[in-house]
Every structure is written in C-alpha cells, then in structure tokens.
Amino acid sequence: MKTLNKLSKYHFSRYFKLFFILWDIVLLNIAIVLSALIGYDNLDRLFLTQVQTISLLTNLIWIILLLYNNSFKIIRIEPIESILKRTIKKCIVHSALITVFVVFLNYTDISRICLLYFYSFFFLLLMISRYLSIKLLKYIRAKGYNFKSFIVVGANDTGERIRKMLAKDLTYGYRFLGFFDEKVDPFAFISGPVVGDFDDLEGFIVKRKVDEMYIALHIENISVINKLIRICEHNMVRIKFIPDFQLYTKSSKVEISFYDNTPVLMFRREPLEYTVNRIIKHVFDFCFSLAVILLIFPWLFPIVIIIIKLESPGPVFFKQQRSGRDNQAFSCLKFRSMRVNSLSDSKQAGKGDNRITKFGSFIRKTSIDELPQFFNVFIGNMSVVGPRPHMINHTKQYSELINNYLVRQYAKPGITGWAQVNGYRGETKEIIDMENRVEFDIWYIENWSLLLDIRIIIKTVINIFKGEENAY
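The present account deals with the structure reproduced in this document. (Residues numbered from 1 in each chain as written. Predicted model: local features only at pLDDT ≥ 70, side-chain atom pairs only at ≥ 80, totals over all residues. Heavy atoms only, no water.)

1. Overview of the pairing of strand β4 (residues 212–215)
Phase 1 of the analysis: Neither face of β4 is exposed, since E212 and Y214 on one face and M213 and I215 on the opposite face are all buried.
Phase 2 of the analysis: As paired elements, strand β1 (residues 148–153) and β4 share four bridges and run parallel to each other. Bridged to F150 within β4 is E212.
Phase 3 of the analysis: Relative to strand β5 (residues 238–241), β4 runs parallel, the two sharing four bridges. Looking at the pairing, I215 lines up with F241 of β5.
Phase 4 of the analysis: Taken together, β4, helix α8 (residues 222–234) and β5 form a β-α-β motif whose crossover is right-handed. (Buried < 20%, exposed > 50% of the residue type's maximum accessible area, 1.4 Å probe, protein only. Helix = DSSP H or I, 4+ residues; strand = E, 2+ residues; numbered from the N terminus. Pairing = 2+ DSSP bridges. Right-handed = clockwise from strand over helix to strand, strands pointing away.)

2. A look at the packing of aromatic side chains
The geometry of two aromatic rings is summed up by the distance between their centres and the angle between their planes.
Phase 1 of the analysis: Tallied over the entire structure, the rule returns 21 aromatic pairs.
Phase 2 of the analysis: Ring centres of F284 and F288 lie 5.6 Å apart, and the angle between their planes is 35 degrees; on these two criteria the pair is classed as tilted. Residue F284 and its partner F288 are located together in helix α9 (residues 275–295), separated by four residues, close to a single helical turn.
Phase 3 of the analysis: Among the residues examined, F288 registers a relative accessible area of 27% and is labelled partly exposed.
Phase 4 of the analysis: Ring centres 5.3 Å apart and planes at 35 degrees place the aromatic pair Y424 and F440 in the tilted group. Of this pair, Y424 sits in the loop between α14 (418–421) and α15 (431–447) while F440 is found in helix α15, placing the two residues 16 residues apart along the sequence.
Phase 5 of the analysis: By relative accessible area, Y424 is classed as partly exposed at 25%.
Phase 6 of the analysis: Clustering of aromatic rings is evident, with ring pairs tying together F150, Y174, F176, F179 and Y214.
Phase 7 of the analysis: Sitting over the face of the ring of F176, R163 holds its NZ or CZ atom 5.8 Å from the ring centroid. (Phe/Tyr/Trp six-rings, centres within 6.5 Å; stacked < 30°, edge-to-face > 60°. Lys NZ or Arg CZ within 6 Å of the ring centre and 35° of its normal.)

3. Structural notes on unusual backbone geometry
Phase 1 of the analysis: Of note in this structure, N106 is not a glycine but carries a positive phi near 55 degrees.
Phase 2 of the analysis: Examined against the element boundaries, N106 turns out to sit in the loop between α4 (80–105) and α5 (112–142).
Phase 3 of the analysis: Of note in the backbone geometry, M236 takes a positive phi value of approximately 60 degrees without being a glycine.
Phase 4 of the analysis: Position of M236 among the secondary structure elements: in the loop between α8 and β5.

4. Side note on the sheet that holds β1
Phase 1 of the analysis: Overall, parallel pairing links the five strands, which are arranged β3-β2-β1-β4-β5 in an open sheet. The open sheet has two edge strands, β3 (194–196) and β5, and neither has a second partner. If you compare each strand with its neighbour and ignore which way they point, the axes differ by 35 degrees on average.
Phase 2 of the analysis: Across six bridges, the pairing between β1 and strand β2 (residues 174–180) is parallel. Within the sheet, the bridge partner assigned to V152 lies in β2 and is F179.
Phase 3 of the analysis: Together, β1, β4 and β5 form the strand contacts of α8, whose direction differs from that of β5 by roughly 155 degrees. (Axes fitted to C-alpha atoms, helices over the stretch in contact; angles between N-to-C directions. Contact = heavy atoms within 4.5 Å.)

5. Remarks on helix α10 (residues 297–311)
Phase 1 of the analysis: Between the first and last C-alpha of α10 there are 20 Å, a value that for 15 residues agrees with the 21 Å anticipated at 1.5 Å per step.
Phase 2 of the analysis: Among the residues of α10, those classed as buried are F297, L300, F301, V304 and I308. One side of α10 holds all its buried residues, which, seen down the axis, span an arc of 100 degrees. Every exposed residue of α10 that faces more than 90 degrees away from the buried side is listed here: P298, W299, I306 and L310.
Phase 3 of the analysis: Those residues of α10 that are buried lie in contact with α9, β8 (317–323), β9 (329–335), α11 (358–365) and α12 (373–379). (Expected span 1.5 Å × (residues − 1). Arc of directions from axis to C-beta.)

Next comes the structure, spelled out in structure tokens:
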C-alpha cells in the first residue's frame, strides 16, 4: 500500500495518451509475431518486403485510429462495456482498411490465414489489456487512491443528479465534499451535506483540496457564475457546468456542434443523420429485403395467397396510406387478415375483433401478414427496423395529444422496431401505451447502430416463436 500511496502523488494521467498508444503498438506487434509463428511456422517471412509494408501499415493505421476522435480517452464513469465496444469498432475499421490495401496492391506474399490469425490475437490481447487495466484502476480507487474531490454548486435536482452519478461507485474515483447554495431547493431531495453558501466557497477551496467544481445553477445567475469562474481559476480548480436540458426536452442525450466558433446545441443526437450511417442502413435493408424476397417469397407466398382467397372474398393484399419518414404518406403493404370492411382506415384491430378471419388471426400472431412490407423496404420507403408506421388519422390524433410524437417520424418506419420487441405492439388502448411506444421509438432514433438493428431482428424472430401477448 505504501507503493500505491507514493504512485498516487504522481500525475500519470498527463502521460496516459502516450503510454496508451505505445502499449497498443506493443500488443499489435506481438500479434504480428504470433500470427507469423503459427501461420508460417517461423519468422523468416516477416522480412519479406510485402509483409514488412503491411506490418508498417498496420502500425500507422492503428495509431491514426487511436488519435482520431480521442479514442484513447477513458472517462472515469464510462462503463467497461462502452470501452470494449469502442475498441471493437476500431478493430473492424482497421481490418477493413488493411484488407483493402492487400487486395488493391495485389500482395500475394500476404497469407489471408495469417491475417485472420493476426486479428484474432490482436483482438484478444486488446480485450484482455483493456479489461485488466480498467479492473486495476478500479481496484486502486477502491483502496482510496487516485481520487478526485469535487463540490457541487446548486442544491437542486440537477446538482443531486450529478452528485449521485459520480458518488454512487467508489471505483469511479470521485469523493464528494458537499453542496454550496444560498438557498436549498425545497422540492428537491438532497441527500448530500450543504456545507455553505457562495460566500463560504473560496475559503472552503483554500482549506480543502478540491479538484473539480460542478455548477448546477440556472443560466440567469450569470454574475454568480462569473464570480465562481474567477475563484476556481485563481485556485486551480477545474470548473464544469451541468446545464439542465430537461427544462427543454425529455431527451437524455444532447449533441453540441460548432458552427465556426459558435456552439450549437441539439436536443438529441441522430446517428442516421450522418451520410455513412444512412448508407450502411440502406445497404443492409436492400440486401436483407432482397434475401427475404428471393428465399422466402417464392414458396410461402403462393400458400398464403391461396388460403386467403379460399377463406374470404376480397383482395390478397391490403394497401393502406401510412405516415413515413418526415411524415410523408406512403402505401404500406400487408397480407389481408380481415374481412373487407369500411373501418379498416380508422379503427385499430383489437383483441377478439370479429373482422379478423381465422387464418388472418394466425398470420397476425406470426407476423406473416407483415412480410409484403419487404417490398416497401426494397423500394426504399420503409426499413427493416424502425418505428412502426401508423395510419394517417392516428398520426394526426396522437401528434396533438403527445408533444414529441412526431419525433418518431425522423426515421424511416420499420417492419419491426425497438418498441415492438419491448412489448409495445398491437392495439394502443390508453394514451400511456402510445407515450411508451413513442419513448422507445425516440430512444432507437437516438441510439441507432447496425448491431442494434441486428439485435432487434433476432429478438423479433425469437418473439414470433415464443408468441406475444399483444399479437392479435
């Protein structure tokens, strides 16, 4: 423990970036050597010109990927899952770039099997290294070392949220010293001590070792905030602001962009607003829908069509105008599961609905009735995964009842969605049902990733075989 006590006095974080990069390069070159030993049975081929060129490229590209967008940065409260996920993305990009170089340069001396060995070893070494380093830091902090002391200015809900977040786990490495405020918010549940008002702050900072100050005051307190900034900068205390975005939006995530030198706040991040992500999703939708059309439709469609025609008179397909991306209407296709009726464009299907045929009940429970929507996906007005499209009149109705309802129209509607796999599908009997569905849809828009889409698709398939209570 004496060693830890001595080491904790040094500011190793200043050199963390350099150490992080150097350590990764060591692991990368160990993976190169191991892949050569297993793939070639010796190290002689490592001295071939083509192999040396690709080895150099692997080092340079990894350094660039680490330097890009602060990949080396590890926030104290960041969960280990987030760090591992970020590392996986970097490995995928790195392997794609190296593969392009090998193919483009037509390097015949590069064994594809050795490349596979290399990435297997490199990925394994990175994961073990990241995991052990985080565990080591958490162990050191749990023993009382490598801590940062902080105070919160603003005894209110916002201040309590940041206190609770930083102080809930000792392994984060934060020690809370107290709140400062002129008047405690009587409607806020403050569980930490209020140690003084604004006039007591400077004396407290001088007396106690304070590393960080978090300001949770309303922007109207500009004169107080300016005074706090001067106090902090004079005493070498890092100052951080906690703006209460919940005053304006329910979104838990916001995004800040800079237009020249002007910061612009957006209430929610939208990954699908980036061109690369839109292309990835579109390519996935196109390939997935094409595979379904070619592999499933030829044998399943004739069976479904025959049964529908035999069971009740009317068209095989049900076509309905629904709300799409940017609230633009489109024709949504389904297999007809009801008898022809005049209420299909206004009334939702409910449990025990006498309009639904026997076979219609089966294809609704198994989601077979939604399969024609893969044609909608193929032509581009729907996605495999996204908020479910609603009837036009329901969109008008709910947009007046729920303030953020139309936010779900920022994305293409989907055959399945995050709300559906979490139990919010089928009839919406109460307004709260639709509010919950909208909340899940907005979460999906803010957190989209290709892996999330794949996860939702897998969960949808599992739910189909398990059966769902709201599928009727």
